[in-house]
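# Secondary and tertiary structure notes
Next come the chains, spelled out residue by residue.
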Number of protein chains: 2
Amino acid sequence: MTESGKPILYSYFRSSCSWRVRIALALKSIDYETIPVNLLKDGGQQFSKEFQALNPMKQLAIIEYLEETRPTPRLLPRDPKKRASVRMISDLIAGGIQPLQNLSILKEVGQEKQLAWAQKAISSGFNALEQILQSTAGKYCVGDEVSMADLCLVPQVANAERFKVDLTLYPTISRINKSLLALEAFQVSHPCRQPDTPPELRA
Amino acid sequence: MTESGKPILYSYFRSSCSWRVRIALALKSIDYETIPVNLLKDGGQQFSKEFQALNPMKQLAIIEYLEETRPTPRLLPRDPKKRASVRMISDLIAGGIQPLQNLSILKEVGQEKQLAWAQKAISSGFNALEQILQSTAGKYCVGDEVSMADLCLVPQVANAERFKVDLTLYPTISRINKSLLALEAFQVSHPCRQPDTPPELRA
């Protein structure tokens, strides 16, 4: 919290985890302040003592917390089976794809192999996801209402594009991603429009 | 569901993801039937057509679904901040540690490097977790009630032991793990007591 009571988001413009939370904040019209944490500079500012001391929360926990304390508009459907679908998709992306292709893992894998590694992680996740969406999707990932699953989808598709994954193989994912990117909350939260976005990447 | 209406769990005795769900089912006294899925046999039965067709859910989504449909005893505290702590810890383990050291990733990493890789993934996660627990733990991960976080902890500690991680570095994790293993739900769900546990690993 800032002195004026605004929540603070520790954020990196290009991090898909930060982007998810920014979308949730935008959808729920929650005003917040950004403190940029550059994941590359100084060997990774997230490893600094100040930041470690904050006990950074995993991002789905933040979104579930926002949902419980600021329930409107809802990001989890009322129906338990649909909620399970939303969480299944969110988990698949946030637990099954993103952690396998994040910065620290790619560093571990090494320069030479990292592109192929990231592509494989994303493709096998997207193969499963494309299939799941056949039975859950409407306009968005689960039915016709924007949910936590959609907050996870869009940043992951952006990563897929960065790693040059062939998205024509995933027509449902691509269609939903396009619909979501037309919404204001997904635009204001976009990596190309953040306080810490470098000038050459702004749009 | 079986014909008699019992839920079916597709389970592998040694999978930490299956174990989490087995603990939840035991705590909530839900009777179920196990269909074993051997993650090693036949090149991995989870890749078979029958299994893929089931759209296997990610396991935290199953636990959240059980919580919503069978709320007693509760696995998420009533207080939103405590719930956030439970989800943060669950995510840290189920999204930040386990996916980095699961079978398919270790295969990818290769025989030679896999022990060091798994140890590093677990240690960096446990370093963060040990610190977080300083401010959340009571008898268990969050306060004195068993929660979803504890369901994630115990199977992950068992993996740490398999990969010979030095657990004396994590006194809080070790203490909580020991208290949990004394509870019946953690014992009946243990990998050494499952229908598909090979005779030589039974206890």
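Only a predicted model underlies this, so the values are computations on that prediction, with no experimental measurement involved.

### Some words on the pattern of salt bridges
Residues and elements named next belong to chain A. As enumerated under the stated definition, the model contains 14 salt bridges over all chains in all. Its salt-bridge partner being Asp31, residue Lys6 comes within 3.6 Å of it at the nearest N-O pair. With Lys6 in the segment before β1 (8–11) and Asp31 in the loop between α1 (16–27) and β2 (33–36), the pair connects residues that are 25 residues apart, well separated along the chain. Judged by its relative accessible area of 27%, Lys6 falls in the partly exposed class. Of the charged contacts, one joins Lys28 and Glu67 as a salt bridge, the two residues approaching to 2.9 Å between their closest N and O atoms. Of this pair, Lys28 sits in the loop between α1 and β2 while Glu67 is found in helix α3 (residues 59–69), placing the two residues 39 residues apart along the sequence. Comparing Lys28 with Glu67, the two get one shared label, buried.

### Digging into the pairing of strand β2 (residues 33–36) of chain B
Pairing of strand β1 (residues 8–11) of chain B with β2 of chain B involves four bridges; the strand directions are parallel. Of the residues in β2 of chain B, the one forming a bridge with Ile8 of chain B is Glu33 of chain B.

### Digging into the pairing of β1 of chain A
Residues Leu9 and Ser11 of chain A line the buried face of β1 of chain A, whereas the alternating positions Ile8 and Tyr10 of chain A sit on a face that is not buried. Crossover β1 of chain A to β2 of chain A through α1 of chain A is right-handed.

### Description of the interface of chain B and chain A
The interface is formed by 32 residues belonging to chain B together with 32 residues belonging to chain A. Carbon and sulfur atoms make up 61% of the area that chain B and chain A hide from each other, which totals about 2,900 Å². For the pair chain B and chain A, the interface holds eight salt bridges. Salt-bridge contacts for Lys120 of chain B lead to Glu108 of chain A; the nearest nitrogen and oxygen are separated by 2.9 Å. If you list the elements that add at least two residues to the side of chain B that touches chain A, you get α2 (49–53), α3 (59–69), α4 (80–96), α5 (103–109) and α6 (114–136) of chain B. In terms of residues, the side of chain B that touches chain A owes the most to one element, α4 of chain B, which gives 10 residues. Looking at side-chain class alone, the side of chain B that touches chain A contains 16 nonpolar, seven polar and nine charged residues.

### A short note on the domain arrangement of chain A
Residue and element names in this part refer to chain A. Split by domain assignment, chain A resolves into domain 1 (8–72) and domain 2 (80–186). Summarising the inter-unit geometry, the C-alpha centres of domain 1 and domain 2 are found 19 Å apart. Each side of the interface is counted separately: domain 1 has 14 residues, and domain 2 has 17 residues. Buried surface at the junction of domain 1 and domain 2, summed over both partners, amounts to about 1,500 Å²; 73% is from carbon and sulfur atoms. For the interface between domain 1 and domain 2, the tally reads one salt bridge. For Glu64, the salt bridge identified is with Arg87, shortest N-O distance 2.7 Å. Listed by contribution, the elements that provide at least two residues to the side of domain 1 that touches domain 2 are α1 and α3. Here the side of domain 1 that touches domain 2 gets eight residues from one element, more than from any other, and that element is α1. The residue makeup of the side of domain 1 that touches domain 2, split by class, is 10 nonpolar, one polar and three charged.

Reading the values: rules and limits
Along each chain, residues carry numbers from 1 onward, in the same order as the chain's sequence is written. Ligands are numbered from 1 and chains lettered from A, in the order in which they are written. Per-residue local features are limited, in this predicted model, to residues with pLDDT of at least 70; the limit for side-chain atom pairs, both in listing and counting, is 80 or more; totals at the level of whole chains, interfaces and linings are taken over all residues. Excluding hydrogens and water, the side-chain figures rest on all heavy atoms present in the structure. We count a salt bridge whenever a side-chain nitrogen from Lys or Arg sits within 4 Å of a carboxyl oxygen from Asp or Glu. Note on conventions: DSSP H or I runs of at least 4 residues are helices, E runs of at least 2 residues are strands, and numbering of each starts at the N terminus. Only protein chains enter the area calculation, which uses a 1.4 Å probe; residues under 20% of their type maximum are buried, those over 50% are exposed, and those in between are partly exposed. Strands pair, by our definition, only if DSSP identifies at least two bridges between them. By convention, orient the strands away from the viewer: a clockwise path from the first strand over the helix to the second makes the crossover right-handed. Note on contacts: a residue pair qualifies if any of its non-hydrogen atoms lie within 4.5 Å across the two residues. The term buried area refers to how much accessible surface (probe radius 1.4 Å) is lost by two components on association, counted for both of them together. Any residue that is not Ala, Val, Leu, Ile, Met, Phe, Trp, Tyr, Cys, Pro, Asp, Glu, Lys or Arg is counted as polar, Gly included; the first ten are nonpolar and the last four charged. Boundaries between domains were set according to an automatic or database domain assignment.

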